[in-house]
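Working through the structure, step by step
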Amino acid sequence: MRIEALAGPWLGRLSLSALPTDSPVAMGAALVAVLGVLGVAGYITGKGKWRYLWREWFTSVDHKRIGIMYVVLALVMLARAVIEALVMRLQQADAVNRSGFISAEHFGQLFSTHGSIMIFFMAMPFLTGVINYVMPLQIGARDVSFPVLNSISLMLTAAGAALVMISLVLAPFSTGGWSGYAPFTELRFSPGVGVDYWIWAVTLSSIGSTLTGINFAVTIYKKRAPGMHLFRMPLFCWTALCTSILMIFAMPALTVATALLALDRYLGMHFFTSGGGGNMMVYANLFWLFGHPEVYIVVLPSFGVFSELFSTFSAKKLYGYTSLVLATMTIAVLSFTVWLHHFFTMGQSANINAAFGIATMLIGIPTGVKVYDWILTMFRGRVRFTTPLLWGLAFLVTFVIGGLSGILLAIPPVDFLVHNTTFLVAHFHNMLIPGTLFGMIAAYQFWFPKAFGFRLEERWGRVAFGCWVIGFYLAFMPLYVLGLEGMPRRSAEVFDEAFRPWLLVAAGGAVLIVLGMAALAMQLAMSIRHRDRNRVRAGDPWDGRSLEWSTSSPPPEYNFAKLPAVQGRDAFWTMKRSGRAYPPLERYAPIMLPENSAIGPLLGALGLATAFGLVWRIGWMAGLGTAGVLVAVIGWSFVRRPGRTVDERQVERTETRWHAVLVAAVPVSREHECDPRNRGLADVAA
Amino acid sequence: MQHTATEGHAKRSASRVGLAAMPARAAIFAVAAGPVAAAERQLLVQAAVLMLFVVVPVIVLTPWVAWRFRRRNRRSAYRPGWDFSRVLEVLIWGVPALLVAFLAVRVWTQSRALDPYRAIDAGQASAAAPLDVQVVGLDWKWLFIYPDQHIATLNTLVLPVGRAVHLHLTSDTVMESLLVPRLAGQIYAMPGMITQLWLRADRPGDFVGENTQYNGSGFAQQKFVVHAVDAGDFNRWIGKVRADGDVLDARRYRELARRGVPAAPERFGQVDADLFGRIVAKYHASAQVRASTMASRATGRTNDAH
Amino acid sequence: MSAGSASERRRHPGLNLHESDAHPSDGEVVFGFWVFMMIDAVLFALLFAVYASLGANTAGGPGPHEVFELRPAAMETLLLLLSSFTFGIASLAMKYQRGMALLQGMLALTLLLGLGFLGLEVHDFVGMADKGALPQVSAFLSAFYALVPTHFLHVSLGCVWIVVMMVQLRMSGLDRITRTRLLRLGLFWHFLDIVWVMIFSFVFLRGLL
């Protein structure tokens, strides 16, 4: 007590009572988090790898390394959020006419962290990581336009994620859900620090995403290889472009919403309060002005991934390329015109509701077109059922069911009936799990060999696939039924005995999904163990179509010794068929690359300190953090580093080594795609 | 305050006395008990069936095409360069567009027809005027005021079968959303504003009502029972509440409004006439706004009372 | 650095430089900054929208007529417009290489005008506070204090940037980096001017007339 009194002025509102000692489940989670961090740190220390990590990874500005770090962050956060989902499902199955094993308060935190993490710290980093890795390679660039900014974006996102993780130990987190609706999140109703954790974690991540949006858009507009016209880009790049544009225009709405909410909470202002002239409806509008485009931010890149998959694994051109580009653009534009459908039930006039309902349905048209374009891509192809493609097939079948329920929810009178119920929960999981997560997992399976030089084990991949897909159906189909019967979402307890069997099935589905996560981990572990068997260093394990497959696996840090000259769509596929895929060794020019930089991690750390200080009202920490950011940025503007030159001899050495691999590799037919004979050189004779 | 569990209690030991009376149901798919819910459900089923024209082909075609054109099946054609067909293009843009066009017309007409603010006909059973009920969302309970009968109930809503009911909703806490799945869709209740909802019960029975908008740890327990009874029983019930209900004055209301889950439903035989108006007006600074809020109650959309 | 072909010009249409000074990656940097300005524009647009929807909610507190004063706001507008003009001269001095003295002098003048603007605004805010018009009083004032001080903060950062720019020009003269930076600073400064004109019209004029 005395220590706390002493520390008081220095630690703001922080004290030992922040530890979640009142709940064994929360305490267990906090312990797991702390032990996990200590374990990883201990392992790195034991191996003496800190220096390596700092120099080669944390300060790296290479888009490929940044991409990988984003994906690692996403997978870690995915693991936490999936476990939270399981706890919630178990709680609901348990708490039929009794209170279950966790408190209502804890349940509130669980659905809030689950949603916030899945959107801001799983989906966003995952897609940002995949775009980071793949897009520059696909357009034939050596890096993104602003490599240092890229590192800053990553570190700000990581700082936000760290803040959410800290809230496990120094609790509590918000109970306001991922959307943080005012006035529930106002100081009067949520006086604790939970909402502040949410505000600053989300704000850090949204700043990171805004900067990412600029970076990707400029890269795609300005850094394409000679001959890579916009309409020759792989479809994944188009979706990356649309997602970036959406980030640019949508993210500021979130930043404004959270900033104004913070002003309400910290300075007693009246934006969304119930008194003082504030208006909670302004918050709902601001949030969904961001929130709806956000849905397409996280879905479009997966659409791009699936376009690549269906084409590659059908060994066929993508059907309806122009149609797909048009559909993607249409979706991006329309996504700004439908935000009101998130609150049809707020009492606006029937005409307004109808207009937004119809606008929402319009999005169904280009989406339907895409689905049929993918099926037609397989039509008259030669389809190979590799793990990545399986996710694609499951996506198609599952996604249209979500589309159906989406159209239902777009009809205002139907929405009145099932809004805020588990029907809505089932619907958006039905869109986002196949539409985002399956796409991202497929991307991970598809491009992993590119990034690490060996394939992932097929068998464990199939197990993971089975668990996820069956688990998904078991977990979410019952929620449609329960929602139709009016079970509200976010219920810590249930008072209808008839719901119990459905909740038990849903809990079973959640268990399967967790097993699916475990299978993914197992796949990774086994693949690393047997990596020699699965090496594909020559770089093209899937008979790929776009330029990323024309490099070695993993690609050299400069990506392309000579920037490729592009002559059409499916650039690499065409090159292979005309024998121009692997140009002979020649004299190389030195290549300029940006130098590593510590400014990213530094700004991330300062951002985290500022946010933490703000959450716990530790004035000096927040003040120093902010001042630090300003000083760091100004200081950085005085640093002039011309970049690092990879000289011609080094390029030649790297290229020669790769050519030796190419020469040694036996071209492999698609028959043997998934066995050890595949060394990453495709047999194009057949 | 003896009836209201504190917030701390709500977590674990909230007495379920009030909730034990939740109507049990035999089957999971309960049918609608009023015209609004029936129309909304019907619309849902219609749209779902229509959508199957797009969805079922995808569910069938995806595995079929993938299997038919599997690599090993050398009998099927392989045309790696085929990537466009004008006919198919027209079909895949046209069919969804037609469906959406058709649905759009339905959305336009049905959104207006089923506008929760739109008066529904009084029902064939009686020529009685619609029953006005003022609803106040509290943490974590619902207060129903019958302004013309001068009575009020907590967590119970008694309605006469066959008579149109006009709900006026507000909240004296955060945003809430009132849903009685078997009678009508939901509408938000927001502090300082009044939203409206029309509904009618066409058969006697007990139905679950609830809040669907998360508002804290007692959220899951914010349920109430709707008793739909025939007109005679309704009038008898009114008389009984008037005779032996408590008094709901400002002091009693302040107690009710405190956070907590009530132990049991309550009835008030005497209610301050202007209670609802004062609850709405307290979020507005000037008396002028208060007057305008009250005036607009009858006229239409007032949730943008600012 | 000497590229200047017609195709090069087409690739970097946003570069207000002599072609001989442009470097291929300059176009990227300036384009990126344009995109950033767009984000800032969206941010201000949203703050304007919030002001528009909450501006009438005075909640019994003072309204625009009681708290706004036209004369200082007009003075501020004048200062900021003048500063845009002086920055314009600075940009021309850079483009047509009219010497460092003119460039630095104009930047210094811009800085002074910017500081004058900030000073007047601080005076306004203090005056409002004296009348009890604090951001906590009503939604109208909250929205006002979200919009106008955000612009104030932008101008302050712009002033810091001008100082940094002047130091860097002194240290390394006009080279590729300082040139594009000056170009971007110009974009930023003129953008703030435009936003202020909006604030002046929609907040002050509309509030008072």
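What you see is a predicted model; the values in this text were computed from it and never measured. (Residues numbered from 1 in each chain as written. Chains lettered and ligands numbered in written order. Predicted model: local features only at pLDDT ≥ 70, side-chain atom pairs only at ≥ 80, totals over all residues. Heavy atoms only, no water.)

Brief notes about the sheet that holds strand β4 (residues 156–160) of chain B
All names here are of chain B.
- The strand order across the open sheet built from five strands is β4-β10-β9-β6-β7, with neighbouring strands paired in mixed fashion. Looking along the sheet, the strands with just one partner apiece sit at the ends: β4 and β7 (184–189). Each strand of the sheet is rotated relative to its neighbour by a mean of 20°, with strand direction disregarded.
- Across two bridges, the pairing between strand β6 (residues 176–180) and strand β9 (residues 205–211) is antiparallel. Each bridged residue has a counterpart across the sheet, and for L179 the counterpart in β9 is E210. (Pairing = 2+ DSSP bridges. Helix = DSSP H or I, 4+ residues; strand = E, 2+ residues; numbered from the N terminus. Axes fitted to C-alpha atoms, helices over the stretch in contact; angles between N-to-C directions.)

A look at the domain arrangement of chain B
All names here are of chain B.
- Along its sequence, chain B is carved into domain 1 (35–113) and domain 2 (131–299).
- A separation of 44 Å is found between the C-alpha centroids of domain 1 and domain 2.
- On the side of domain 2, nine residues touch domain 1, which itself brings five residues to the contact.
- Interface of domain 1 and domain 2: buried area, both sides summed, is about 440 Å²; carbon and sulfur atoms make up 56% of it.
- Interface area lost by domain 1 to domain 2 is led by P35, V36 and A37, which between them contribute 77%. (Domains from an automatic or database assignment. Contact = heavy atoms within 4.5 Å. Buried area = accessible area lost by both parts, 1.4 Å probe.)

What about the packing of aromatic side chains?
- Within the structure shown, the criterion is met by 72 aromatic pairs over all chains.
- Taking 6.5 Å as the distance between ring centres and 85° as the angle between the ring planes, the aromatic pair formed by A:F249 and A:F336 counts as edge-to-face. Here A:F249 is found in helix α8 (residues 235–267), whereas its partner A:F336 is found in the loop between α10 (321–334) and α11 (350–378), with 87 residues between them in sequence.
- Judged by relative accessible area, which is 32%, A:F249 ranks as partly exposed.
- By relative accessible area, A:F336 is classed as partly exposed at 25%.
- An angle of 65° between the planes, with centres 5.0 Å apart, marks the rings of A:F423 and A:Y480 as edge-to-face. One end of the pair, A:F423, is in helix α14 (residues 422–452); the other, A:Y480, is in helix α15 (residues 458–484), and 57 residues separate them in sequence.
- Here the aromatic cluster, defined as three or more aromatic residues joined through ring pairs, consists of C:Y51, C:F68, C:F117, C:F125, C:F140, C:F144, C:Y145, C:F152, C:W196 and C:F204.
- Seen from the ring of A:W57, A:R65 lies directly overhead, with NZ or CZ sitting 4.7 Å from the centre.
- Over the face of the ring belonging to C:F31 we find A:K222, whose NZ or CZ atom lies 5.6 Å from the ring centre. (Phe/Tyr/Trp six-rings, centres within 6.5 Å; stacked < 30°, edge-to-face > 60°. Buried < 20%, exposed > 50% of the residue type's maximum accessible area, 1.4 Å probe, protein only. Lys NZ or Arg CZ within 6 Å of the ring centre and 35° of its normal.)

What to know about the interface of chain A and chain C
- Contacts between chain A and chain C engage 31 residues on the former and 40 residues on the latter.
- For the pair chain A and chain C, the summed buried area comes to about 2900 Å², and 73% of that belongs to carbon and sulfur atoms.
- Area buried by chain A at its contact with chain C is led by A:K222, A:F638 and A:R640, which between them contribute 22% of it.
- Where chain A touches chain C, the interface holds two salt bridges.
- The tally of links between chain A and chain C comes to eleven residue pairs in polar contact (both at pLDDT 80 or more). (Salt bridge = Lys/Arg side-chain N within 4 Å of Asp/Glu carboxyl O. Polar contact = N/O pair within 3.5 Å; in protein donor to acceptor, adjacent residues only side chain to side chain.)

Considering the interface of chain A and chain B
- Taken together, the contact between chain A and chain B spans 104 residues of the former and 95 residues of the latter.
- The interface formed by chain A and chain B holds four salt bridges in total.
- Counting across the interface, chain A meets chain B through 25 residue pairs in polar contact (both at pLDDT 80 or more).
- The set of elements that each furnish at least two residues to the side of chain A that touches chain B consists of α5 (104–138), α9 (280–313), α10, α11, α12 (387–409), α13 (412–418) and α15 of chain A.
- A total of 16 residues in the side of chain A that touches chain B trace back to one element, the largest contributor, which is α11(A).
- Counted by class, the side of chain A that touches chain B contains 60 nonpolar, 26 polar and 18 charged residues. (Nonpolar A, V, L, I, M, F, W, Y, C, P; charged D, E, K, R; others polar.)

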